[in-house]
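Chain and residue survey
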2 protein chains.
Amino acid sequence: MTDANGVERCEYCHIHQEIVNKVEGTMPEDEILYDLAELFKIFGDSTRIKILYVLFESEMCVCDIAKLLGMTQSAISHQLRSLKQSKLVKYRREGKTVFYSLADGHVRTILDQGMEHIAE
Amino acid sequence: MTDANGVERCEYCHIHQEIVNKVEGTMPEDEILYDLAELFKIFGDSTRIKILYVLFESEMCVCDIAKLLGMTQSAISHQLRSLKQSKLVKYRREGKTVFYSLADGHVRTILDQGMEHIAE
DNA sequence: ATAACATATGAACAATAGCTCATATGTTAT
DNA sequence: ATAACATATGAGCTATTGTTCATATGTTAT
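What counts as what
- Residues numbered from 1 in each chain as written.
- Chains lettered and ligands numbered in written order.
- Predicted model: local features only at pLDDT ≥ 70, side-chain atom pairs only at ≥ 80, totals over all residues.
- Heavy atoms only, no water.
- Helix = DSSP H or I, 4+ residues; strand = E, 2+ residues; numbered from the N terminus.
- Buried < 20%, exposed > 50% of the residue type's maximum accessible area, 1.4 Å probe, protein only.
- Contact = heavy atoms within 4.5 Å.
- Areas by Shrake-Rupley, 256 points an atom, 1.4 Å probe, with all protein chains shown as cover.
- Near = heavy atom within 4 Å.
- Polar contact = N/O pair within 3.5 Å; in protein donor to acceptor, adjacent residues only side chain to side chain.
- Nonpolar A, V, L, I, M, F, W, Y, C, P; charged D, E, K, R; others polar.
- Pairing = 2+ DSSP bridges.
- Axes fitted to C-alpha atoms, helices over the stretch in contact; angles between N-to-C directions.
- Core = buried A, V, L, I, M, F, W, Y, C linked by side-chain atoms within 4.5 Å.

All right, on to the overall build of chain A then. Along chain A, the regular secondary structure elements total six helices and three strands. From first element to last, N terminus to C terminus, chain A shows the α and β order α-α-α-β-α-α-β-β-α. Sorting the 120 residues of chain A into buried and exposed places 49% on the buried side. Across chain A, every contact between residues at least 6 apart in sequence was considered, and the portion connecting residues at least 24 apart equals 48%. When the accessible area of chain A is evaluated, it comes to approximately 6500 Å², of which 45% is carbon and sulfur surface.

Below, the structure written as structure tokens:
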């Protein structure tokens, strides 16, 4: 068992052609799986998770989020940028202030399912 | 607006005490939010996503997964370790071979919700 | 015991990501 | 136009992470 070129490896493994066919039939495109991973990376940071939880309660401006989380405006703004790019939050401008809110019902479902998982 | 010590920042922000109370009442413990982020980090890599998708179809040994994904045994084994530690996969030994399978229904829900999100 | 095989793991390296700092952009009031 | 404020952003630094390589562990057959 040496490399990934599949010539002389693992001759005794239990894989069958039917399973290979099944897997290759149902597996989404590589690019989609890559995008999916990119999305979950966004959830993979506790600062961003906290921002999302805060926004469950109310739309809020950058400065307020920073105060609530005890972090700098810059750090929060950078993270909101990621969340915005992933379409997890949306925003509206009101004068100098920008209000952020959740963009999507999936956010709650995903976080809830994650919570259920770690609660076990 | 300078630091995170909240003395002379953003006096004109629209935050209200009622919202602060509401947020602080519903926000889970820091440690839980940290664990939640750790869980989503696991989903935040396309190799691990692929492994999970492969396991939707059938339990499978390390070598077979490596072959299906065109990657080395070592790389897959390292990633299975992460998935195991997060209790996303389980395994059973059968002689020399170790078969991995999904541990949990949440995995499917989380991936499906993520898919729905990026499909929009 | 020895060889062959399947899997696991530690070290090292390259790539990625989050925070800070300084500064830019955009808005409002004077 | 200028000042004050809220937010955005680029560069730099440090920490983290995925893969490779070499090797260790565990199982089976001889």
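What follows picks up the thread again.
Attention shifts here to the protein's contact with DNA strand D. With respect to spatial proximity, 29 residues lie near DNA strand D, and among them A:Ser74, A:Tyr100, B:Arg48, B:Ser74 and B:Gln79 are the closest. B:Ser74 is positioned such that a nitrogen or oxygen atom in its side chain is 2.7 Å from a base nitrogen of DNA strand D. Contacts to DNA strand D include B:Gln79, whose side-chain N or O atom sits 2.5 Å from a phosphate oxygen. Looking at the surface near DNA strand D element by element, the count peaks at six residues for helix H5 (residues 73-85) of chain A. Its residues assigned to classes, the surface near DNA strand D shows 10 nonpolar, 11 polar and eight charged.

Attention now goes to the pairing of strand S3 (residues 97-102) of chain A. Residue and element names in this part refer to chain A. Most of S3 is tucked away: six of the six residues are buried. Here strand S1 (residues 60-61) runs beside S3; their pairing, made up of two bridges, is antiparallel. Residue Cys61 lies in a different strand from S3, and its bridge partner there is Phe99. When strand S2 (residues 89-94) meets S3, the two strands line up antiparallel, connected through six bridges. Note that in S3 the partner of Tyr91 across the bridge is Tyr100. Counted along the chain from S2 to the antiparallel partner S3, the turn is two residues long, and its residue Gly95 has a positive phi close to 65 degrees.

With that settled, consider the sheet that holds strand S1 (residues 60-61) of chain B. Residue and element names in this part refer to chain B. Read across the sheet, three strands follow the order S1-S3-S2 without closing on themselves; strand pairing throughout is antiparallel. Both edges of this open sheet fall to S1 and strand S2 (89-94), since each of them pairs with a single strand only. Seen against the sheet, helix H3 (residues 46-57) touches S1, S2 and strand S3 (97-102) and runs at an angle of roughly 90 degrees to S3.

A word on the nonpolar core. Formed by 70 residues in total, the largest nonpolar core has its most connected members in A:Phe40, A:Phe43, A:Leu111, B:Phe40, B:Phe43 and B:Leu111. Apart from the residues lying within four places of it in its own chain, the contact partners of A:Leu111 are A:Phe43, A:Ile49, A:Leu52, A:Tyr53, A:Phe56, B:Leu36 and B:Phe40.

With that out of the way, let us pick up the sheet that holds S3(A). All names here are of chain A. If you walk across this open sheet you meet the three strands as S1-S3-S2, and the pairing is antiparallel. Strand pairing shows two members of the sheet lacking a second neighbour, S1 and S2, which therefore form its edges. Strands S1, S2 and S3 of the sheet are contacted by helix H3 (residues 46-57), whose axis makes an angle of about 90 degrees with S3.

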